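Summary of the model geometry
One letter stands for each residue in the lines below.
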Amino acid sequence: MVTLCAMRFALCYFLTNDMEAPKESKIEIKAIRGFSDILPDQVGKWQFVEATAREVFEGFGFSEMRIPILERTELFTRGIGEATDIVEKEMYTFTDRGGNSLTLRPEATASLARAYLEHQMYTFDPVAKLYTIGPMFRYERPQKGRFRQFYQIDAEVFGVENPVADAEVIIMLVRFLERVGLEKLELQINSLGCRACRPGYREELRNFLTKKSFGLCEDCQRRLQANPLRIFDCKVETCQEAIADAPKVVDFICPECQGRFDQVKENLNMAGLSYVLNPRMVRGLDYYTRTAFEVVSYQLGSQNAVTGGGRYDNLFQEIGGLDVPGIGFAIGMERLISLLPEEKKFIRYPHLFVAALGEEGFKEACRLVNQLHLQGVWAELDYERKSLKSQMRRANKLNARYALILGEEELKQGKAVLRDMEGKTQEEIPMEGLIDTLRKRI
Ligand code: HAM
């Protein structure tokens, strides 16, 4: 007969942190390059960020939508623009068995716009405030902060032309980032003009860069004709040099765009938000008009944009013929999460480990654990019925907050031992009313 008394004194020996070093993986089939697994010890951060987004966004009147991961390729070629990096070289496109060209979504804005039109959401209310959370796919060169499958939290307002909506969306984004606990971020804004004034600027830029075209990389030589604004995004040093003193889009925007941009800034000022004007930020998607913004972190290295967004008043016409204005943003979750500190609050540990001795102890442990699970208490036990020493080692390894030790002798006396694994103290507690006692502690 094993009793606890003989063992209690020995427990302190076992309660050391004995995490094993990870063993080298033996698997031959590994995840695809640029595609990551999010392991349980990281998931807490993801859940925290997603829950905070839901809470903040819903407070601002946004509703969640879930959209397909696959769309017809045409949605993105028309929506994002043929002459963008995304459409030219980053889409995962394939033909399905029915001969349709399909694409894994590289972003969510075009899909949300398609869904709004397809379900005629405007008939209920022309204004729709929507958000969605999920994976996006781009065949980019993987590096720190850049993946081929990455997650976005995307929010959009459809149906409002007034620049008050631009400011509201930016304010919501900043409040969310504050709530998540991120500091030292910089909000950058710009105006990209509209259909009326952008062509003039594009021409001006093309003329300017034509004079420097010998310094441009092969891609940018092509961009010069097709879409010179994209040259701003090129990371090649000689292209950066060529563009350094290029004309700024804000100097070419029409009075209406200027007036709207001033209103956005005024509303941001009223909300007490600080921002930086970045005349070189043009965003990598063609659908943008007027307001464009990014939130960057200088802790992130070259892929420093945590969020990108802006207004897109022509996207709906491109994909469906209706004239619906839109404004929104997408947060890159991997980049945001990499800025969060490693905190204990993000990791879940069992509330309780039930260590049982003998036949009766094990039966009681199973019964108790089942009841506790129904009460929302995460309780674990040792399925292999190993020695107390080994059970306590496991409780310690799992980082259980408490251990409940059920010894046969103590059970006969209607008692159990509750050990506080953090405080390293223990006490006897009666079996009667045990669940209530545990729930009060946990
Ligand atoms: P985007 O700038 O292409 O905009 O992406 C938004 C954010 O997604 C980026 O700031 C970055 O944090 C993250 N991101 C983009 N590509 C990658 C990648 N390969 N790996 C990791 N993170 C990445 C859009 O997607 C627009 N749809 C945003 C928007 C919504 N504009 C208006 N509404």
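See above for the structure.
Attention in this report is confined to the structure presented alongside it.

The rules behind the values
Residues numbered from 1 in each chain as written. Predicted model: local features only at pLDDT ≥ 70, side-chain atom pairs only at ≥ 80, totals over all residues. Heavy atoms only, no water. Pairing = 2+ DSSP bridges. Helix = DSSP H or I, 4+ residues; strand = E, 2+ residues; numbered from the N terminus. Contact = heavy atoms within 4.5 Å. Axes fitted to C-alpha atoms, helices over the stretch in contact; angles between N-to-C directions. Disulfide = S-S within 2.5 Å. Salt bridge = Lys/Arg side-chain N within 4 Å of Asp/Glu carboxyl O. Buried < 20%, exposed > 50% of the residue type's maximum accessible area, 1.4 Å probe, protein only. Parallel < 35°, antiparallel > 145°, perpendicular 65-115°, else oblique. Left-handed = near helix turned anticlockwise from the far one by under 90°. Nonpolar A, V, L, I, M, F, W, Y, C, P; charged D, E, K, R; others polar. Polar contact = N/O pair within 3.5 Å; in protein donor to acceptor, adjacent residues only side chain to side chain.

One open sheet accounts for 8 strands, arranged E1-E5-E6-E11-E10-E9-E7-E8; its pairing is mixed. The two strands at the open ends of the sheet, each matched to only one other strand, are strand E1 (63-64) and strand E8 (276-277). Here strand E7 (residues 185-191) runs beside strand E9 (residues 291-297); their pairing, made up of 7 bridges, is antiparallel. Following the sheet pairing, Gln188 is matched in E9 by Glu294. Against the sheet, helix H7 (residues 164-180) touches strand E5 (128-137), strand E6 (149-158), E7, E9, strand E10 (305-311) and strand E11 (326-332), its axis set at about 20 degrees to E11. Relative to the sheet, helix H11 (residues 255-270) contacts E7, E8 and E9, its axis offset from that of E7 by approximately 160 degrees.

In this section: the state of the cysteines. Taken as a whole and judged by the stated rule, the model has 0 disulfides. Between Cys257, a cysteine without a disulfide, and Cys194, which holds the nearest cysteine sulfur, the sulfur-to-sulfur distance is 3.5 Å.

Keep in mind that most residues, glycine aside, have a negative phi and that most peptide bonds are trans. The phi dihedral of Arg283 is positive, around 70 degrees, even though this residue is not glycine. In this fold, Arg283 is placed in the loop between E8 and E9. Look at Arg290: it is not a glycine, yet its phi comes out positive at around 55 degrees. With respect to the helices and strands, the residue Arg290 is situated in the loop between E8 and E9.

This part covers the pattern of salt bridges. Under the counting rule described, the total for this entry stands at 37 salt bridges. Between Glu318 and Arg195 there is a salt bridge, and its shortest N-O distance comes to 3.5 Å. Note that Glu318 is positioned in helix H12 (residues 315-320) and Arg195 in the loop between E7 and helix H8 (198-210), a separation of 123 residues in sequence. Residue Glu318 is classed as partly exposed on the basis of its relative accessible area of 36%. Residue classification places Arg195 among the partly exposed residues on the basis of a relative accessible area of 48%.

Our focus in this paragraph is the packing of helix H3 (residues 40-59) against H7. Packing of H3 against H7 leaves a shortest axis separation of 10 Å and a crossing angle of 140 degrees. As judged from the angle between their axes, H3 and H7 are oblique. Crossing of H3 against H7: the hand is right-handed. Here Phe48, Val49, Thr52, Ala53, Glu55, Val56 and Phe57 of H3 lie close against H7, whose contacting residues are Met172, Phe176, Arg179 and Val180. Its residues assigned to classes, the contact of H3 with H7 shows 8 nonpolar, 1 polar and 2 charged.

Examined against the element boundaries, Arg146 turns out to sit in the loop between E5 and E6. You can call Arg146 buried: its relative accessible area is 15%. There is a polar contact of 2.9 Å between the side chain of Arg146 and the backbone oxygen of Arg141. Polar contacts involving the side chain of Arg146 include one to the side chain of Gln143, which spans 2.8 Å. Residues within four places of Arg146 in sequence aside, it is in contact with Glu140, Arg141, Gln303 and Arg335.

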